[in-house]
Amino acid sequence: MGIQSIVLVLSVLCLFSLVAAHSRCATKFGGEEHTIAFEKEMHQHMRQMKRASTGTPFQIRVAYIVVDYDTGAGTNIPDIRLDQQISQFNQAFSGALGGVDTYIRFTRNYTRRVTPSALGLKPLPYDSDYIDARLKPLTSYNPDLYLNFWVVPLEGLTLGYAVFPTFSGLDGLYSGSSPANRDGLVIDPTMVGSNTGANKANTVVSGITAVHEVGHYLGLRHIWGDGQGDENQYDTCGETDYCSDTPPANGPFYGCPATNGRSKTSCPGYPDAMITNYMDYSDDPCLNRFTQCQAGRMQVVLNKSPRRTGVYVGGFVSAASSLVSPLKFLLKLF
Ligand SMILES: [Zn+2]
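Residues numbered from 1 in each chain as written. Predicted model: local features only at pLDDT ≥ 70, side-chain atom pairs only at ≥ 80, totals over all residues.

Considering the packing of helix α2 (residues 79-94) against helix α5 (residues 208-217)
- Where α2 contacts α5, the axes come no closer than 9 Å and their chain directions differ by 60°. What the angle tells us is that α2 and α5 run oblique. As for the relative orientation of α2 and α5, their crossing is right-handed in sense. Every residue of α5 that contacts α2 at Gln85, Gln88, Phe89 and Ala92 is listed here: Ala210, Val211 and Val214.
- Residues belonging to the contact of α2 with α5 are distributed by class as follows: 5 nonpolar, 2 polar and no charged. (Axes fitted to C-alpha atoms, helices over the stretch in contact; angles between N-to-C directions. Helix = DSSP H or I, 4+ residues; strand = E, 2+ residues; numbered from the N terminus. Parallel < 35°, antiparallel > 145°, perpendicular 65-115°, else oblique. Left-handed = near helix turned anticlockwise from the far one by under 90°. Contact = placed C-beta atoms within 7 Å. Nonpolar A, V, L, I, M, F, W, Y, C, P; charged D, E, K, R; others polar.)

Dropping the structure here:
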């Protein structure tokens, strides 16, 4: 998508808040308290998972809310692109493009088209504050049952953002930053669709931005661990995304490099940074994989987290042996 030429605002862990240039998304973490408690809960749940791999894939119900310009319904994005995005989700999360099969799939269950004037809202485009405060409460489907996916022209150069899972009501957990009617994804319509697999006739939109944001929605962190870093200094190599099968990385990677050579975001003494991972910032053509640990984290969230446990039918329990080991640095935290 040529993201290297784009400047976005990114908020990450409160402890390490920063404004970063060249960022893919504007997803906000809840804070360190939430993070540690979340990882502890996840670790315990992983240990409890059944050893046998049984069940059917998690089939997540997606409810689109498309905010059209006031020039007429459908002036924003056609339904076929919404379906192509679902196709992109299923290719990415099944491992068809690379990486593991996460056993997570998606269906389009509802599509609601709205216009600003009909809702009493100002003309498009919007920033995230306006979307969260005004648009979402008016248009959200039940977040206990559906993954809300707002397709909204965004101000500036932001491409999208998502809301992380929370454990509201449990001891020691941060619960104040994610009202139910704000839960879900927000993606600019220029990023919605797919140009892979059966959708190659669409030569422009790859749909990877939304894949990345669903990763956040299901509890994944950026592969460099969200510390402050860049491509030229080894200062985030001690941070973690809580998955040992994504090697430490020195900040986000930008661009789409040749396959030969070690990435400039790689950390000394570690395998090459996984710049092909959906949770990096590489250009879309270079992103093609989730790892086993990331799949496990997402499955745990779907099994455990409020407003995630009811958004799907089916459900797959992975082998515990493949899920427990990737929690690098966890013991250091506790
Ligand atoms: Zn992100």
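Considerations on helix α6 (residues 292-304)
- For α6, which comprises 13 residues, the first-to-last C-alpha distance of 18 Å matches the rise-based estimate of 18 Å (1.5 Å per residue) to within 8%.
- All of the buried residues along α6 are Cys293, Gln294, Ala295, Gly296, Arg297, Met298, Gln299, Val300, Val301 and Leu302. (Expected span 1.5 Å × (residues − 1). Buried ≥ 20, exposed ≤ 12 C-beta atoms within 10 Å, placed from the backbone.)

A short note on unusual backbone geometry
- Of the consecutive residues Leu124 and Pro125, the connecting peptide bond is found in the cis state with omega at 5°.
- One non-glycine residue, Tyr242, adopts positive backbone phi at about 70°.
- By the element assignment, Tyr242 lies in the loop between α5 and α6.
- Even without a glycine there, the phi angle at Arg307 is positive, about 65°.
- Its place among the elements puts Arg307 in the loop between α6 and β6 (312-317).
- Taking the C-beta count within 10 Å as the criterion, Arg307 has 22 such neighbours and is therefore assigned buried.

With respect to the confidence of the model for the chain
- The predicted model of the chain averages 79 in pLDDT, with 71% of residues at 70 or higher.
- Within the model, pLDDT remains below 50 along residues 1-23, and this stretch shows 51 contacts once partners closer than five positions in the same chain are excluded.
- Confidence over residues 319-334 falls short of pLDDT 50; this stretch has 34 contacts with residues more than four positions distant or in other chains. (pLDDT = per-residue confidence, 0-100.)

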